[in-house]
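# Descriptive analysis of the structure
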Amino acid sequence: MGGAIASDGQNDTGLGSGHSGTASAAMTVSVPESGWFGMRHPDGAFHAVWEPFIVLLTIVTLIETPMHLAFDLHLEASLMLVTYAVTGVFLFDMTVSLRTWYWEGGVLVTERRQVAMRYLRGPFVIDLIANFPFDLTVMALGIDTIWGVPAAPLVNLTQMLRIVRLIGILRQWNRGLRVPTALLHGVHLVLTVIVVSHWIACAWYFNWLLEARDGVVGWAGPIAFASEPLVTRYLRSLYWATTTLTTVGYGDITPTTNREIVITIIVQLVGVAMYAYLIGTMTTMVGRLGVRSAQYHERLDMLRAMMTRRRVPLPLQQEVIGHQEYIWHRTGGQDEAALLDSLPRRLRADIGVHFATEMLDRLPMFHGLSPAFLATLVSALRPELPG
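Note that the coordinates shown come from a computational prediction; the quantities given were computed from them, not determined experimentally.

### Thoughts on the overall build of the protein chain
- Along its length, the protein chain carries 14 helices and seven strands.
- The 387 residues of the protein chain split such that 35% are buried.
- Sequence-distant contacts in the protein chain: of pairs separated by 6 or more residues, those separated by 24 or more amount to 66%.
- Working note: accessible area of the protein chain is about 23100 Å², and carbon and sulfur atoms make up 66% of it.

### With respect to helix α4 (residues 124-131)
- Taken together, the buried positions of α4 are occupied by D127, A130 and N131. Angular distribution of buried residues about the axis of α4 spans 85°; they occupy a single face of the element.
- In this structure, the buried residues of α4 make contact with α2 (77-98) and α3 (112-121).

### Here's the deal with the packing of helix α1 (residues 45-70) against helix α8 (residues 181-213)
- Where α1 contacts α8, the two axes come as close as 9 Å, and the packing angle between them is 10°. Considered as vectors, α1 and α8 are oriented roughly parallel to each other. When α1 is examined against α8, the residues I59, L62, I63, P66, M67, L69 and A70 are found in contact with a partner set consisting of L191, I194, H198, W199, C202, Y205, F206 and L209.
- Counted by class, the contact of α1 with α8 contains 14 nonpolar, one polar and no charged residues.

### Here's the deal with the packing of α1 against α2
- Relative orientation of the contacting elements α1 and α2 amounts to 135°, with a least axis distance of 11 Å. With respect to each other, α1 and α2 are oriented oblique. Between α1 and α2 lies a crossing whose hand is left-handed. Of the residues in α2, those in contact with F46, H47, W50, F53, I54, L57, T58 and T61 of α1 are V86, V89, F90, F92, D93 and V96.

### As for the environment of L269
- Relative to the elements of secondary structure, L269 occurs in helix α10 (residues 258-309).
- A relative accessible area of 59% places L269 in the exposed class.
- When the C-alpha positions of L269 and T247 are compared, they lie 9.4 Å apart, and in sequence the two are 22 residues distant.

### Looking at unusual backbone geometry
- In this structure, D72 is a non-glycine residue whose phi angle is positive, near 55°.
- Using a relative accessible area of 29% as the deciding quantity, one classes D72 as partly exposed.
- Although it is not a glycine, W147 adopts a positive phi angle of roughly 55°.
- Here W147 shows up in the loop between β6 (145-146) and β7 (149-150).
- On the basis of relative accessible area, W147 is assigned to the exposed category, the value being 81%.

### A closer look at a nonpolar patch on the surface
- Where nonpolar side chains cluster on the molecular surface, the patch consists of V125, I126, I129 and L161 and spans about 280 Å² of accessible area.
- Along the polypeptide, L161 turns up in the loop between α6 (151-155) and α7 (163-175).

### Describing α1
- In a regular helix each residue adds 1.5 Å, so 26 residues correspond to 38 Å; α1 covers 39 Å between its end C-alpha atoms and thus fits that length.
- Downstream of α1 by one or two residues, D72 has phi in the positive range, about 55°.

Cut-offs used in this document
Residues numbered from 1 in each chain as written. Predicted model: local features only at pLDDT ≥ 70, side-chain atom pairs only at ≥ 80, totals over all residues. Heavy atoms only, no water. Helix = DSSP H or I, 4+ residues; strand = E, 2+ residues; numbered from the N terminus. Buried < 20%, exposed > 50% of the residue type's maximum accessible area, 1.4 Å probe, protein only. Contact = heavy atoms within 4.5 Å. Areas by Shrake-Rupley, 256 points an atom, 1.4 Å probe, with all protein chains shown as cover. Arc of directions from axis to C-beta. Axes fitted to C-alpha atoms, helices over the stretch in contact; angles between N-to-C directions. Parallel < 35°, antiparallel > 145°, perpendicular 65-115°, else oblique. Nonpolar A, V, L, I, M, F, W, Y, C, P; charged D, E, K, R; others polar. Left-handed = near helix turned anticlockwise from the far one by under 90°. Patch = residues over 30% accessible without salt bridge, like charges linked within 9 Å, V, L, I, M, F, W, Y side chains within 5 Å. Salt bridge = Lys/Arg side-chain N within 4 Å of Asp/Glu carboxyl O. Expected span 1.5 Å × (residues − 1).

Written as structure tokens, this is what we have:
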């Protein structure tokens, strides 16, 4: 199947322009997904399961990879096999990206060559670097250390480039229908705080470890601290990272070497930038959530003032206010009629049929009628909320 499948635009002619000069009639097209190695719809059932799985594995990678290097973890053979299996999953994910259709300007591009070239010209190189088994390469070459650091976990830091794939999936979810925007922004904020704090904690401890091996006494004292349990070492590092990022700085853990002072300055600057980003994003989220509520209460105040000025009887005032409350709880303050009017006729009819399905099913006189007739009938109806 080639070309582009157009979705309805704002015109009522039903025509949409295709991608790269390809045009097709704008209509709802049911596109079957063709097996494990076929082309796939970006909003299909496969991606609804696959993308959350990749997001989970990416988050695990962003946590485990720097921790493995910084805290000098020695994984057992079974856990090493798990990490190689995860790499295999991401390599397969590259083939998925190579065979996934994409939306561009409201048009679903399905031509195989266009889909492949878009991925190859886009994140392919970054994905290849992120998923290439550099650790196996250095082990095969007999390289144990690089700059005095274990070679395998050091070169594995390239796996953190998988964050590019995570960002791409979150953008796809923001465009699609699966996740509400407010929830997506909230998840993005939480992930940002967790991952950045974890990275800084790893960098803070790793710098101490490198200096302690050279006999320099840093924030954690002599090298003997490296024999403490992993939980103790990580919690103290994370504690410093969070107090510094949030600019609290209790002073119980302080930098004592020049490198630690430089790291502290950088982390404080990052903390200020991240604090501004978090406040700005949260303010935007709260503002979006409160706009309709503020409009609703303003409308109620205007109605009350009008009815008081016109001496409307109290029972009638209560009935009017009750009607407004009913509309608010039913629609959440959204003007559904205006939203539907912004759509082309065919989409308005399809959504209208969906809204009216339950009502039409209860009326025997509408049973057995053609979908086209029902769409025409529903398009002529106007909702009337009871008072």
